[in-house]
Amino acid sequence: MAYVIDQSRCINCSWCRRECPTDTIHYFDQEVRKHKIDPQYCIDCDICARVCPMDCISHEPAVVPDAQSLAAGKMRARAWARDRRQLKLGIRAYAESQVLKIARNGS
Amino acid sequence: MTRALKERVDSREAKREPPYRTTMELTPEQQKALAEKLGGIQNYNPVVLREMARKDRRFFAPLIMSILSAEFRGIDFFGRFVVDTEDEVPWHMTLGVARQTFDESRHTLLNMKLLEHLGSSVGEYPDIILGPQRDDIPPEELDPAILLARVNVALEGFALTTFEEIRALAEQTGEEMVAHCHDYNMADEVTHVALGDYWLEKLSQVQPWRKERARAAQQEFESNIAMVRQMARSYMAASTPSEATPSGNGN
Ligand code: SF4
Ligand code: SF4
Ligand SMILES: [Fe+2]
Ligand SMILES: [Fe+2]
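Residues numbered from 1 in each chain as written. Chains lettered and ligands numbered in written order. Predicted model: local features only at pLDDT ≥ 70, side-chain atom pairs only at ≥ 80, totals over all residues. Heavy atoms only, no water.

Chemist: If you had to explain the overall build of chain A to someone new, which residues and values would you point to?
Modeler: When you go through chain A residue by residue, the secondary structure sums to three helices and four strands. Over its C-alpha atoms chain A spans a radius of gyration of 18 Å, topping by over 25% the 13 Å that the globule rule assigns to 107 residues. For chain A, the spread of C-alpha atoms along the principal axes amounts to about 60 × 30 × 25 Å. Here chain A holds 107 residues, and 46% of them are scored as buried. In chain A, the share of contacts with a sequence separation of at least 24, taken over all contacts with a separation of at least 6, comes to 68%. Taken as a whole, chain A presents about 5,600 Å² of accessible surface, with 54% of it coming from carbon and sulfur. Averaging the locations of the 17 positively and 13 negatively charged side chains of chain A gives two centres separated by 9 Å. (Helix = DSSP H or I, 4+ residues; strand = E, 2+ residues; numbered from the N terminus. Rg over C-alpha atoms; globule rule 2.2 N^0.38 Å. Buried < 20%, exposed > 50% of the residue type's maximum accessible area, 1.4 Å probe, protein only. Contact = heavy atoms within 4.5 Å. Areas by Shrake-Rupley, 256 points an atom, 1.4 Å probe, with all protein chains shown as cover. Lys, Arg positive; Asp, Glu negative; His and termini not counted. Charge placed at Lys NZ, Arg CZ, Asp CG, Glu CD.)

Here it is, written out as structure tokens:
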């Protein structure tokens, strides 16, 4: 099981690639200038499909990564999730503290 | 025989001093006023402003100004590209990029009106410059394909993600006009990215070495983003008061 991109509809917005927790969506090194998922490290998290503005990423049960790659993919994803969540919450907390500070200063 | 575009363009130097008025160019008083408005001039960047706008709609205005800055740069970049590369690229590419220049000027007008809708106007906030300026690019990188590669991923591709994120935020917070304009804007950027992709392929077919160099330029941009993220992480860890915990679930 893995996700696949319908390249005929992909607009290369790069969103899926930046969100993929296992870094398994490729663009720059592709022969065809379109985003492509390397199924070996795809952990079926569905994140790419949810952010794609073109709805052109779908689940493909027939594509199956080998067990070792999948385990490596999961490890990458765990590290990514920890890191990304920390950063997201960090930026949000920082922004909120700034808005509160400005409100306190009465401007 | 028609004269080349270069010759038809007025030969006087079109130079603004400084070309962009960034926070660095402001007087100390102006910097102070900006810092008071935004809680510090370091907050004048789209990533932080987006989260501030989520909390308080007043911050949509500086956020839109940061986008407007990029649109101005788009006009600059593509306009210059048309004139500078006319002899090196097929004429229909010149035509496509000229059309893109026109699109960028429409985006500029769109965002200027949007800024007014949000109670601000051009001049209230300074320019934001992301990525290298044209004058910083070494001469050997001034190849049309490499220039295009940089801008295609740094300006146009990045715009796709940014506009979609701002549209989603505007929708969540009831800023219908912002959501509408960014949806509209995004449609043009889709065409721009596609045009860039198409011409990168074509130009690389004529000169295969361009493909590798273009890829390297794009990857350089990606690693810069990663670096900015890293810097943001350490900066925020150092300056967020510990009592400030964000509301919501972090999505
Ligand atoms: S489903 Fe998850 S792991 Fe697979 S390509 Fe999409 S984002 Fe990456
Ligand atoms: S999110 Fe969708 S449209 Fe954007 S690059 Fe990925 S597959 Fe293509
Ligand atoms: Fe634009
Ligand atoms: Fe554009």
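Chemist: Give me the lowdown on the coordination of the iron ion (ligand 4), citing residues and values where you can.
Modeler: Residues and elements named next belong to chain B. The protein atoms donating to the iron ion (ligand 4) are Glu104 (OE), Glu156 (OE), Glu156 (OE), Glu189 (OE) and His192 (ND1), with metal-donor distances spanning 2.0 to 2.5 Å. We note that the donor set of the iron ion (ligand 4) lies within a single chain, spaced as E-x51-E-x32-E-x2-H. A separation of 3.4 Å is found between the iron ion (ligand 4) and the iron ion (ligand 3), which share Glu104 as a coordinating residue. With Glu104 in helix H5 (residues 91-117) and Glu156 in helix H6 (residues 144-172), the pair connects residues that are 52 residues apart, well separated along the chain. You can call Glu104 buried: its relative accessible area is 2%. (Donors = N, O, S within 2.8 Å, 3.2 Å for Na, K, Ca; no water.)

Chemist: Please give an account of the interface of chain A and chain B that cites residues and values.
Modeler: A common measure of how large an interface is: the accessible area buried when the components associate. Listed per partner, the contact involves 32 residues of chain A and 50 residues of chain B. Buried surface at the junction of chain A and chain B, both sides included, amounts to about 3,700 Å², of which 59% is carbon and sulfur. Linking chain A with chain B are four salt bridges, by the criterion used here. Arg92 of chain A is the partner of Glu51 of chain B in a salt bridge, and the nearest nitrogen-oxygen pair spans 2.8 Å. On the surface where chain A and chain B come into contact, there are 10 residue pairs in polar contact (both at pLDDT 80 or more). With 18 residues, the top contributor of residues to the side of chain A that touches chain B is helix H3 (residues 67-104) of chain A. Of the residues assigned to the side of chain A that touches chain B, the class counts are 14 nonpolar, six polar and 12 charged. (Buried area = accessible area lost by both parts, 1.4 Å probe. Salt bridge = Lys/Arg side-chain N within 4 Å of Asp/Glu carboxyl O. Polar contact = N/O pair within 3.5 Å; in protein donor to acceptor, adjacent residues only side chain to side chain. Nonpolar A, V, L, I, M, F, W, Y, C, P; charged D, E, K, R; others polar.)

Chemist: Mind laying out the site of ligand 2, listing which residues take part and the relevant values?
Modeler: The full set close to ligand 2 counts 13 residues, and Cys10, Cys13, Ser14, Cys16 and Cys52 of chain A are the nearest of them. Class assignment for the residues of the shell around ligand 2 results in 10 nonpolar, three polar and no charged. (Near = heavy atom within 4 Å.)

Chemist: Explain the packing of aromatic side chains residue by residue, including any values.
Modeler: One pass over the structure, following the stated rule, counts six aromatic pairs over all chains. Note on Tyr27 of chain A and Phe28 of chain A: the rings are 5.1 Å apart at their centroids and 45 degrees apart in plane angle, and the pair reads as tilted. On the accessibility criterion, Tyr27 of chain A (5% relative accessible area) is buried. Ring centres of Tyr44 of chain B and Tyr125 of chain B lie 6.0 Å apart, and the angle between their planes is 20 degrees; on these two criteria the pair is classed as stacked. Of this pair, Tyr44 of chain B sits in the loop between helix H2 (28-38) and helix H3 (46-55) while Tyr125 of chain B sits in the loop between H5 and H6, placing them 81 residues apart in sequence. For the pair Tyr44 of chain B and Tyr125 of chain B, a shared accessibility class is recorded, and that class is buried. Here a set of aromatic residues connected by ring pairs shows up, and it is made of Phe77, Phe78 and Phe81 of chain B. (Phe/Tyr/Trp six-rings, centres within 6.5 Å; stacked < 30°, edge-to-face > 60°.)

Chemist: If you had to explain unusual backbone geometry to someone new, which residues and values would you point to?
Modeler: Residue and element names in this part refer to chain A. Phi at Ser14 takes a positive value of approximately 75 degrees, unusual for a residue other than glycine. Structurally, the position occupied by Ser14 is in the loop between strand E1 (2-5) and helix H1 (15-19). With a phi angle near 75 degrees, Asp46 is a residue other than glycine that sits in the positive phi range. Tracing the backbone through its elements, the reader meets Asp46 in the loop between strand E3 (36-37) and helix H2 (47-51). According to the relative accessible area criterion, Asp46 is partly exposed, its value standing at 26%.

Chemist: Account for the site of ligand 1, naming residues and giving values.
Modeler: What surrounds ligand 1 is a group of 13 residues, the closest being Cys20, Cys42, Cys45, Asp46 and Cys48 of chain A. Counted by class, the shell around ligand 1 contains nine nonpolar, two polar and two charged residues.

Chemist: Explain the coordination of the iron ion (ligand 3) to me, using residue names and the numbers behind them.
Modeler: Every protein donor of the iron ion (ligand 3) is accounted for by Glu71 of chain B (OE), Glu104 of chain B (OE), His107 of chain B (ND1) and Glu189 of chain B (OE), and the metal-donor separations fall at 2.0 to 2.2 Å. Counting residues between consecutive donors of the iron ion (ligand 3) along the chain gives the motif E-x32-E-x2-H-x81-E.

Chemist: Residues and numbers for H3 of chain A, please.
Modeler: Residue and element names in this part refer to chain A. In this model, H3 (38 residues) spans 55 Å end to end at C-alpha, consistent with the 56 Å of a helix rising 1.5 Å per residue. Capping the start of H3, Asp66 holds a side-chain oxygen 3.1 Å from the backbone nitrogen of Gln68, two or three residues further along. Directly beyond the C-terminal end of H3, a positive phi value near 70 degrees is found at Gly106. (Expected span 1.5 Å × (residues − 1).)

Chemist: Can you break down the nonpolar core residue by residue, with the values?
Modeler: Core analysis: the biggest nonpolar cluster contains 40 residues, and Met52, Phe60 and Val178 of chain B have the highest contact counts within it. Elements represented by at least two residues in this core include exactly H3 of chain A together with H2, H3, helix H4 (60-84), H5, H6 and helix H7 (176-206) of chain B. Per element, the largest residue contribution to this core is seven residues, and it comes from H4 of chain B. Setting aside anything within four residues of it in sequence, one finds Phe60 of chain B in contact with Ala53, Leu118, Leu169, Ala170, Thr173, Glu175 and Val178 of chain B. (Core = buried A, V, L, I, M, F, W, Y, C linked by side-chain atoms within 4.5 Å.)

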